Each structure stands twice: as structure tokens, then as C-alpha cells.
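Here are the chains, one letter per residue:
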Amino acid sequence: MRQAGTYSGMLAVMSGKNVPHSLPLARIKKIMKKSGNDVKMISGEAPIVFSKACELFIEELTRRSWMMTLKGKRRTLHKDDVASAIAATDIFDFLVNLIDDNGREVEGGFGRRGEPTS
Amino acid sequence: MDPMDIVGKSKEDASLPKATMTKIIKEMLPPDVRVARDAQDLLIECCVEFINLVSSESNEVCNREDKRTIAPEHVLKALEVLGFSGYIEDVYAAYEQHKLETMQDSLKGSGGGGGRWNNGSEMTEEEALAEQQRMFAEARARMNGGSAAPKQPDIEPDQES
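Residues numbered from 1 in each chain as written. Chains lettered and ligands numbered in written order. Predicted model: local features only at pLDDT ≥ 70, side-chain atom pairs only at ≥ 80, totals over all residues. Heavy atoms only, no water.

### Digging into the overall build of chain B
The helix and strand inventory of chain B stands at 6 helices and 2 strands. From first element to last, N terminus to C terminus, chain B shows the α and β order α-α-β-α-β-α-α-α. Taken across its 161 residues, chain B has 32% of its residues classed as buried. A separation threshold of at least 6 residues defines the contact pool for chain B, and within that pool the share at least 24 residues apart is 34%. Entry remark: accessible area of chain B is about 10700 Å², with carbon and sulfur atoms responsible for 52%. (Helix = DSSP H or I, 4+ residues; strand = E, 2+ residues; numbered from the N terminus. Buried < 20%, exposed > 50% of the residue type's maximum accessible area, 1.4 Å probe, protein only. Contact = heavy atoms within 4.5 Å. Areas by Shrake-Rupley, 256 points an atom, 1.4 Å probe, with all protein chains shown as cover.)

The structure is reproduced here in C-alpha cells:
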């Protein structure tokens with residue numbers, strides 16, 4: 001079941017993979033601002049960079065999860081596959097807080113970082 | 001939940017649009033593959049965490065450089081530090097592409113047929129040409145015509161050597 005889009009113009013209609021800035025920049029900026037207690041001002045171009053980085057991140061996480069699905073000889077990607085992919089990838093260590101041993105979601109996460117240690 | 005709780009409290013406040021995320025996810029996979037709803041939700045949460053992580057690091061990079069605004073360069077550095085250096089090339093290319101498109105848009109809006117190099121100039125080519133002709137004519141008039149100011153007879157254009 002598809003949700004009706006409530007944001008206009010953001011959904012790129014192209015079917016190709018290289019769709020730039022598909023993610024809404026304002027939303028990204030909002031998340032950035034909430035990521036810490038003393039986040040500095042954000043340049044107008046930073047969310048653009050984030051948008052692409054997020055795309056790449058999602059693609060990689062999806063791809064790795066999908067490999068887990070294939071291992072289980074299934075055609076439906078389950079949450080456990082995502083959890084397995086996270087556990088198997090070093091750079092995804094920051095995500096372990098989102099899953100627990102049973103592959104269920106856990107409240108909290110990386111959340112707000114503490115004070116920077118200099 | 002009383003109204004006070006809504007004010008920017010939990011991390012659930014700002015998330016990414018589900019439909020856009022679903023599209024990105026589905027494009028990665030073969031067409032007949034299904035994605036369980038809870039898997040989708042988890043992927044979206046992971047993405048938000050990713051933004052949190054990279055934002056925090058970008059903020060620190062920015063601090064270390066004593067800058068006041070988080071710039072794309074800080075984000076790229078943060079990606080490298082966090083182990084996502086594989087993304088940097090594509091991210092930078094997308095950023096350059098965006099700059100190019102923005103520049104072209106602003107050029108189109110500056111009006112006139114001057115072309116790219118005289119974005120700041122007020123004259124079109126025709127106007128510049130006319131101005132040049134005018135200046136030539138003025139110079140010619142100064143050379144040929146007499147006026148109150150005495151001229152040094154150094155230059156005799158009709159003299160033949």
C-alpha cells in the first residue's frame with residue numbers, strides 16, 4: 001500500500017538510479033540541527049551533500065541486507081536481514097544500537113553526541 | 001501527550017519521507033523482490049542515524065577548523081573519518097553538478113544576450129560595438145577639427161616622408 005506523497009516536487013519521476021537530491025533538503029537540515037546540542041550554522045549546500053551521501057548509504061545497506069536475504073533463499077527482505085548486514089559490516093557499527101540480539105528495534109540509538117572532547 | 005512534549009523532544013520528530021526512501025530501496029533490488037514493512041522502517045531509521053552521526057562529526061571537523069558554518073568540505077572530511085570514504089567521489093560529483101546547475105540558472109536569469117563571460121556587464125555586444133564606434137568618432141573629431149586649445153603640430157597626418 002502506497003502512501004500519498006505530501007511533499008510536492010520532491011519525488012523525481014525519473015526511473016534511473018542517478019536521481020540527484022531526491023531527499024528533501026529541509027528535512028535533512030532539521031535532522032542535522034537536532035543531532036547535537038551545539039550544532040553550528042549549516043551552509044545551504046551541506047544538505048545537498050548529505051542527500052547524496054544518504055542515498056549511497058541506503059543503497060549500500062540495502063544491498064548488503066539483500067545479500068543476507070539471498071543467503072536465506074528468500075525473496076522478501078526482512079528486518080533480520082538488515083540486522084545481519086549491520087552486524088557484519090564494521091562501518092555500520094554505529095547502528096547496532098538500533099537492533100538487539102533478536103533483531104528487534106531498540107529505542108534510542110546513536111542519538112545526541114556528548115560534548116566534544118578536544 | 002500534552003503540547004509541551006511535542007516541542008522537539010524525541011528523535012522521532014524529524015524523519016525522512018517514507019515514499020522517497022522506499023523508491024530508493026526498491027531501485028536497488030530486482031523488481032520481484034519485496035521489502036517487509038518493518039525492514040523499510042528500520043532502513044529509514046538507519047538513515048536518520050547516519051545523518052546524526054555524520055552531522056556530529058561534521059560539527060567537530062568544523063570546530064577544529066575554527067569555522068562558524070558547516071560547509072560541504074567538512075561533511076566530506078567527516079565521511080572520510082567515519083569510514084565512508086568510498087562515498088566521497090560520488091558525493092563530490094553530485095555537489096559539483098548541483099553548483100553547475102545553480103550557476104546556469106542564475107545566468108539565465110540575468111537577462112540579455114551577453115553570454116557567459118559578461119555576466120556582470122551592463123552592455124550587450126551591440127551596445128559595446130556602438131560605444132566603440134562612438135569613441136572612434138570622438139577621437140577622429142578631436143584629431144581633425146580645430147578647437148580653442150592649441151595643438152602641437154607634431155602629428156601631420158598628411159605629410160609624406
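### Structural notes on the confidence of the model for chain A
Put simply, chain A has an average pLDDT of 77, and 67% of its residues get 70 or more. This stretch, residues 6-18 of chain A, has a pLDDT under 50; its non-local contacts, to residues over four places away or in other chains, come to 18 contacts. (pLDDT = per-residue confidence, 0-100.)

### Notes on the environment of Ala 78 of chain B
All names here are of chain B. Looking at where Ala 78 falls in the secondary structure, it is placed in helix α4 (residues 72-81). Once the C-alpha coordinates of Ala 78 and Glu 57 are considered, the two residues, 21 residues apart in sequence, prove to be 5.4 Å apart. Setting aside chain neighbours within four positions, we find Ala 78 in contact with Val 54, Glu 57, Ser 58 and Val 61.

### Observations concerning the packing of aromatic side chains
In the structure shown here, the tally under the stated rule is 10 aromatic pairs over all chains. On the basis of an interplanar angle of 75° and a centroid distance of 6.3 Å, the ring pair of Phe 57 of chain A and Phe 84 of chain B is categorised as edge-to-face. Pair noted here: Phe 57 of chain A is in helix α2 (residues 46-71) and Phe 84 of chain B is in the loop between α4 and α5 (85-108), and the two residues belong to different chains. The burial state of Phe 57 of chain A is the same as that of Phe 84 of chain B; both residues are buried. (Phe/Tyr/Trp six-rings, centres within 6.5 Å; stacked < 30°, edge-to-face > 60°.)

### Topic: the nonpolar core
Formed by 58 residues in total, the largest nonpolar core has its most connected members in Phe 57, Leu 61 and Leu 95 of chain A together with Leu 16, Phe 50 and Phe 84 of chain B. For this core, the secondary structure elements donating two or more residues are α1 (25-33), α2 and α3 (79-88) of chain A together with α2 (18-28), α3 (37-64), α4 and α5 of chain B. Looking at which element gives the most residues to this core, the answer is α3 of chain B, with 12 residues. For Leu 16 of chain B, the residues in contact, after removing those within four places along its chain, are Arg 27, Ile 28 and Ile 31 of chain A together with Met 21, Ile 44, Cys 47, Val 48 and Ile 51 of chain B. (Core = buried A, V, L, I, M, F, W, Y, C linked by side-chain atoms within 4.5 Å.)

### Observations concerning α5 of chain B
Along its 24 residues, α5 of chain B runs 36 Å from first to last C-alpha, staying within 8% of the 34 Å computed at 1.5 Å per residue. Of the residues making up α5 of chain B, those classed as buried are Tyr 87, Val 91, Ala 94 and Tyr 95 of chain B. Buried positions along α5 of chain B lie against α2 of chain A together with α3 and α4 of chain B. (Expected span 1.5 Å × (residues − 1).)

### Here we look at the state of the cysteines
Evaluation of the coordinates by the stated rule reveals 0 disulfides over all chains. Take Cys 54 of chain A: it sits in no disulfide, and the sulfur closest to it among the cysteines is that of Cys 47 of chain B, at 3.8 Å. (Disulfide = S-S within 2.5 Å.)

### Comments concerning unusual backbone geometry
Of note in this structure, Lys 73 of chain A is not a glycine but carries a positive phi near 55°. Relative to the helices and strands, Lys 73 of chain A resides in the loop between α2 and β2 (76-77). One non-glycine residue, Asp 66 of chain B, lies in positive phi territory at about 60°. Within the secondary structure, Asp 66 of chain B sits in the loop between α3 and β2 (69-70). Residue Asp 66 of chain B is classed as exposed on the basis of its relative accessible area of 71%.

### Looking at the packing of α2 of chain A against α4 of chain B
The geometry of α2 of chain A relative to α4 of chain B is characterised by a closest axis approach of 8 Å and an angle of 30° between their N-to-C directions. The orientation of α2 of chain A with respect to α4 of chain B, classified from their angle, is roughly parallel. Viewed along their axes, α2 of chain A and α4 of chain B form a crossing whose handedness is right-handed. Residue-level inspection shows Ala 46, Val 49, Phe 50 and Ala 53 of chain A of α2 of chain A in contact with α4 of chain B, the latter providing Pro 72, Val 75, Leu 76 and Leu 79 of chain B. Each residue belonging to the contact of α2 of chain A with α4 of chain B can be placed in one class, and the counts come to 8 nonpolar, no polar and no charged. (Axes fitted to C-alpha atoms, helices over the stretch in contact; angles between N-to-C directions. Parallel < 35°, antiparallel > 145°, perpendicular 65-115°, else oblique. Left-handed = near helix turned anticlockwise from the far one by under 90°. Nonpolar A, V, L, I, M, F, W, Y, C, P; charged D, E, K, R; others polar.)

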